[in-house]
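# Summary of the model geometry
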Amino acid sequence: GNSVTQMEGPVTLSEEAFLTINCTYTATGYPSLFWYVQYPGEGLQLLLKATKADDKGSNKGFEATYRKETTSFHLEKGSVQVSDSAVYFCALSRNTGGFKTIFGAGTRLFVKA
Amino acid sequence: EPEVTQTPSHQVTQMGQEVILRCVPISNHLYFYWYRQILGQKVEFLVSFYNNEISEKSEIFDDQFSVERPDGSNFTLKIRSTKLEDSAMYFCASSEIVRRGTGSTGYFGPGTRLTVT
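Calculation notes
- Residues numbered from 1 in each chain as written.
- Chains lettered and ligands numbered in written order.
- Predicted model: local features only at pLDDT ≥ 70, side-chain atom pairs only at ≥ 80, totals over all residues.
- Heavy atoms only, no water.
- Helix = DSSP H or I, 4+ residues; strand = E, 2+ residues; numbered from the N terminus.
- 1 Å grid on protein atoms, 1.4 Å probe; cavity = no way out; pocket = protein on both sides within 12 Å on 5 of 7 lines; lining within 4 Å.
- Points joined across faces, edges and corners; volume = space filled by probe spheres on them.
- Nonpolar A, V, L, I, M, F, W, Y, C, P; charged D, E, K, R; others polar.
- Disulfide = S-S within 2.5 Å.
- Buried < 20%, exposed > 50% of the residue type's maximum accessible area, 1.4 Å probe, protein only.

Following A:Gly9, the chain continues into A:Pro10 via a peptide bond in cis, with omega recorded as -5 degrees. Among the structural elements, A:Pro10 can be located in the loop between β1 (3–6) and β2 (11–14). With omega at -10 degrees, the peptide bond leading from B:Thr7 into B:Pro8 counts as cis. Summarising the element assignment, B:Pro8 is placed in the loop between β1 (5–7) and β2 (10–13). Positive phi outside glycine occurs at A:Asp54, with the angle close to 75 degrees.

Here the largest pocket defines a volume of roughly 450 Å³. Residue lining of the largest pocket: 20 residues in total, with A:Leu44, A:Gln45, A:Leu46, B:Tyr107 and B:Phe108 positioned closest to the centre. Secondary structure elements with two or more residues in the lining of the largest pocket: β6 (45–50) of chain A together with β10 (107–108) of chain B. Within the lining of the largest pocket, the residues separate by chemical class into 9 nonpolar, 8 polar and 3 charged. Here the second largest pocket defines a volume of roughly 390 Å³. Lining the second largest pocket are 23 residues, and of these A:Gln38, A:Val87, A:Arg108, B:Gln37 and B:Gly40 sit closest to its centre. Of all elements in the fold, only β1, β10 (86–93) and β12 (107–112) of chain A reach the threshold of two or more residues within the lining of the second largest pocket. Looking at side-chain class alone, the lining of the second largest pocket contains 9 nonpolar, 10 polar and 4 charged residues.

Moving on, we get to the state of the cysteines. A disulfide bridge is the covalent bond that connects two cysteines by way of their sulfur atoms. Taken as a whole and judged by the stated rule, the model has 2 disulfides over all chains. Between the sulfur atoms of A:Cys23 and its disulfide partner A:Cys90 the distance amounts to 1.9 Å. Torsion about the S-S bond of the A:Cys23 and A:Cys90 cystine: about -70 degrees, corresponding to left-handed handedness. Here A:Cys23 is found in strand β4 (residues 23–26), whereas its partner A:Cys90 is found in strand β10, with 67 residues between them in sequence. We classify A:Cys90 as buried; its relative accessible area is 1%. Across the disulfide from B:Cys23 sits B:Cys92; the S-S distance is 1.9 Å.

What follows is the structure in structure tokens.
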């Protein structure tokens, strides 16, 4: 079946450090891949997405590249800020007419000033 | 930018009571979904709804749950007899029709926090 595995948290970084959150997936066909962010007490916000192999999604300094050969979609940011502290969810959806989304377990990021 | 809205933002109910969570999807979307997130855990798919019927549901979505689109704008999730373990954040989402091979984005609402006491 389809699934998403992401690195366990929490991840604690100092401001301006480099961030990587690993995500791998298992899926039939060619899913779209997403990163969502959830700030404390809030809902899910789409951070970035990629719809086919080698696509790079980017937003707010975050990037992730759809790697079909390694079935990965790792999230990176060159210099994190305190305001990036949140839970990050890797997710996939199958392009089968609808948009059922399968989420990873989430990775909590703490950024210290 | 269009958005999915959900009401109420927080619902407290006693065990055994019925609750209805409401969602207003984006107006030109045709697929609707409910997801659940138990505190501190992953977001789990509950059900998808298309053309006035359930298109897919998860194991979580048992006979205690039902969904309805009572009019042209609302999409509801009903839990008939709530249990303590139903306490969670419930997210509604909507999307347009996806053509095979293309990407799509589901738009999530802000969630309703359900607390069962």
